[in-house]
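These are the residues of each chain, in order.
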Amino acid sequence: MGPEAGVKPRKVSLFIGGKWVDAADGRSFDQVSPATGDVIGIVADASPDDARLAIDAANRAKRSLADLTVLERSELCARIADSILAAQDRLAPELSLEQGKPLKEASDEIRFAASLFRDAAETISNLETSFMPTVNRDKRVFTLRQPHGVVAVLTPWNYPVGIPSEYLSAALASGNVVIWKPAPSTSMIAARLVECLLQSGVPEGAVNLLYGGAGPGQEIVANPGTQAVGFTGSTATGTLIAQHAGAKPLLLELGGNGPTIILDDANLESAVVGTAIGCFTNAGQICQSSERILVTEKVHDQVLDGLVSSASRVRLGHPLQTGTTMGPLNNQGVAAKMDGHLQDAIERGAKVIFGGQRAKGLPTDLYYQPSVVDQVSRDSLINRQETFGPIAPLIVVRDVDDAIAVANSCGLGLCASVYTTDINAAFRCAERLECGVVNVNESAAYWDGRTPFGGWSGKGSGVGRLGGIETVRFMTQLKSVVLDVRYPDER
Ligand code: NAP
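If you're wondering where the values come from, they're calculated on a predicted model, not measured in any experiment.

Conventions adopted
Every chain's residues receive numbers from 1 upward, in the order its sequence appears when written. Side-chain atom pairs in this predicted model are given and counted only at pLDDT of 80 or more, local residue features only at pLDDT of at least 70, and totals for whole chains, interfaces and linings cover all residues. As a convention, hydrogens and water are excluded, and side-chain values are obtained from all of the structure's heavy atoms. Only DSSP runs of H or I reaching four residues or more are called helices, and only runs of E reaching two or more are called strands; each is numbered from the N terminus. Radius of gyration: over C-alpha atoms. The globule rule applied is 2.2 Å multiplied by the number of residues raised to the 0.38 power. In this scheme, a residue with accessible area under 20% of its type's maximum is buried, one over 50% is exposed, and one in between is partly exposed, where area comes from a 1.4 Å probe on protein chains only. For every accessible area listed, the method is Shrake-Rupley and the probe measures 1.4 Å; residues are considered covered only by the protein chains on display. Note on charges: Lys and Arg go in the positive column, Asp and Glu in the negative column, and His and the chain ends are not counted at all. Working definition for charges: the position is that of NZ of Lys, CZ of Arg, CG of Asp or CD of Glu. To define a nonpolar core, start from buried Ala, Val, Leu, Ile, Met, Phe, Trp, Tyr and Cys residues and group those joined through side-chain atoms within 4.5 Å. It only takes one pair of heavy atoms within 4.5 Å for two residues to be counted as in contact. Strand pairing follows a simple DSSP-based rule, namely that at least 2 bridges must link the two strands. For a crossover, the right-handed case is the one in which the path from the first strand over the helix to the second runs clockwise, viewed with the strands pointing away from the viewer. For this purpose, a residue is taken to be near a molecule or strand whenever a single non-hydrogen atom of the residue falls within 4 Å of it. Each polar contact in these results corresponds to two N or O atoms within 3.5 Å; when the atoms are within protein, one needs to be able to donate a hydrogen and the other to accept it, and residues that are neighboring in sequence are counted only if both atoms are side-chain atoms. Residue polarity is assigned by list, with Asp, Glu, Lys and Arg as charged and Ala, Val, Leu, Ile, Met, Phe, Trp, Tyr, Cys and Pro as nonpolar; anything else, Gly included, falls into the polar class.

**What about the overall build of the protein?**
Inference 1: From N to C terminus, the protein includes 16 helices and 21 strands.
Inference 2: Relative to a compact globule of 491 residues, whose C-alpha radius of gyration would be 23 Å, the protein shows 24 Å and is just as compact.
Inference 3: By principal-axis analysis of the C-alpha atoms, the protein measures approximately 80 × 60 × 35 Å.
Inference 4: Taken over 491 residues, the protein has a buried fraction of 57%.
Inference 5: Carbon and sulfur atoms make up 53% of the accessible area of the protein, which amounts to about 19600 Å² in all.
Inference 6: On the protein, the mean spot of the 44 positive side-chain charges and the mean spot of the 54 negative ones are 5 Å from each other.

**Things to note about the nonpolar core**
Inference 1: Of all hydrophobic cores here, the largest spans 87 residues; its most connected members are Trp 180 and Leu 197.
Inference 2: Once residues within four sequence positions are removed from consideration, Trp 180 is found in contact with Val 153, Thr 155, Pro 160, Pro 164, Leu 168, Ala 190, Leu 193, Val 194, Asn 208, Leu 209 and Leu 210.
Inference 3: Ala 276, Val 299, Met 338 and Ile 391 belong to the second-largest nonpolar core, a separate cluster that totals 55 residues.

**Regarding the side chain of Ser 443**
Inference 1: Relative to the elements of secondary structure, Ser 443 occurs in the loop between β19 (437-440) and β20 (462-463).
Inference 2: For Ser 443, a relative accessible area of 3% puts it in the buried group.
Inference 3: The residues touching Ser 443, leaving out its near neighbours within four places in the chain, are Gly 274, Ile 277, Gly 278, Ser 417 and Tyr 419.

**Some details on the sheet that holds strand β6 (residues 131-132)**
Inference 1: A sheet is described by the order of its strands in space; here three strands give the open sequence β6-β7-β21, paired in antiparallel fashion. If you trace the sheet from one side to the other, it starts and ends with β6 and β21 (476-484), each paired once.

**Brief notes about the pairing of strand β12 (residues 250-253)**
Inference 1: Along β12, one buried face is formed by Leu 250 and Leu 252 and the opposite face, lined by Leu 251 and Glu 253, is buried too.
Inference 2: Pairing geometry for strand β11 (residues 228-232) and β12, over four bridges, is parallel. Pairing of Thr 232 across the sheet is with Glu 253, part of β12.
Inference 3: On the question of chirality, the crossover connecting β11 to the parallel β12 by way of helix α9 (residues 235-245) is right-handed.

**Focus on the site of the ligand**
Inference 1: Taken together, 31 residues form the shell around the ligand, and within it Trp 157, Ser 234, Thr 237, Leu 254 and Glu 386 come nearest.
Inference 2: Take Thr 237: an N or O atom from its side chain is 2.8 Å from an oxygen atom of the ligand.
Inference 3: Relative to its unbound accessible surface of 900 Å², the ligand loses 86% to contact with the protein.
Inference 4: Every element with two or more residues in the shell around the ligand is listed here: α8 (214-222), β11 and α9.
Inference 5: Residues that form the shell around the ligand fall into these classes: 16 nonpolar, twelve polar and three charged.

Treat this as a map of the structure, not an account of what it does.
If you want it as structure tokens, here you go:
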């Protein structure tokens, strides 16, 4: 397939109370493709007033899914999975053009989204609660899992179909209704996902969709008309959301700065392959990217050579062009952060071995060269903050304990990976790294959607766990029922 040219911008409306509508004040914003620089959509720009209309609509529909049987909700999620898969060929190029990722990665993401709805269908139909032993022979105690009611869902632009599907699948399966605000730069594909939900029979008002910035986002987080909040995005925004949500149940999936540790005894071939996947997939815009590569002196040269060779094989280009393996970054903010982190690393003594700047001669300046940077110092921004771009930065460590110390010195703690053939070192890393997921002899970017995923307590990477049954647990609340079983004449 070749790049599309001269596509007429698509009008994209809000979805409130079962209807596609303009913003109340008539405002809209242009959606510009990072791949072409063309305006591809005119998107309704929601205000807090629109958010309040969505909250009212969601509250009117609050019982619509809760009143279905669990099996009816399970069947609904299975139909949504089918509907997403059926739309894959249409959705994948649209996702590529709007987000920037190559077509193959876009197709993978859409299939992943479908699998999440399929998993939620299965999880909810197998959800058990407990019948508990009691201290009193006349009492019986059991628990119910019930929906929260109206859940606010706010999602980022890096996996704009996959990440929302984590929340939406579990929320709907559990009997909640949803108000969803995607990141503005991936609004159009959000509308497509909602179309799939509607084709599958989601009740009117049970899913509401708003586009725009912090205004409507803050309203759906803070307004008492929503009862729980699920947010994936940056640490800075997540911190604000926690303040605005107050005492509501909150799931926060925030930024990472995941180390990939490669020890003396690692299988270097697989370590390099896995690390390159972690650095360059989705142009490095993954919360679980290999953000820092911690290598011992002994393996340093071979890892560096391997990563340079991997970077040189990356085909940077239009995401719909056959053969492209890396597209543009999604937006200027993330590209500027790459610029800043590279500049800072160089000023602190790092050497750019491959790439290191925005590519020339492509339709926008968001295309970034895959970059390999050596001799990155421990005080550099790259080691302290999330970069979120196509960068492989090497930091030399003495041994496993030094690697763990460098890894844990960062204020973020989401994911890590370690390559070693020593079971003791593997366990030491798995147990001592301060993060929610440790992949051993596997790319940092590996995640199967059912594995519990989230940030380490006290780090800036989030609160709670997402993934499989954990997301369903978050989307429900536990109610205990105490029953006195005596006949009236026994009381
Ligand atoms: P972001 O800037 O935090 O934005 C996320 C969403 O929140 C957007 O829709 C944004 O809208 C909205 N928002 C901004 N301010 C808000 C406010 N005060 N109240 C309510 N909503 C508000 O994050 P991003 O740049 O889209 O995504 C990249 C980040 O997500 C990275 O840090 C990455 O690590 C993280 N991430 C984490 C995970 C994980 O599972 N832990 C997964 C993927 C991504 P505007 O764009 O209009 O500001």
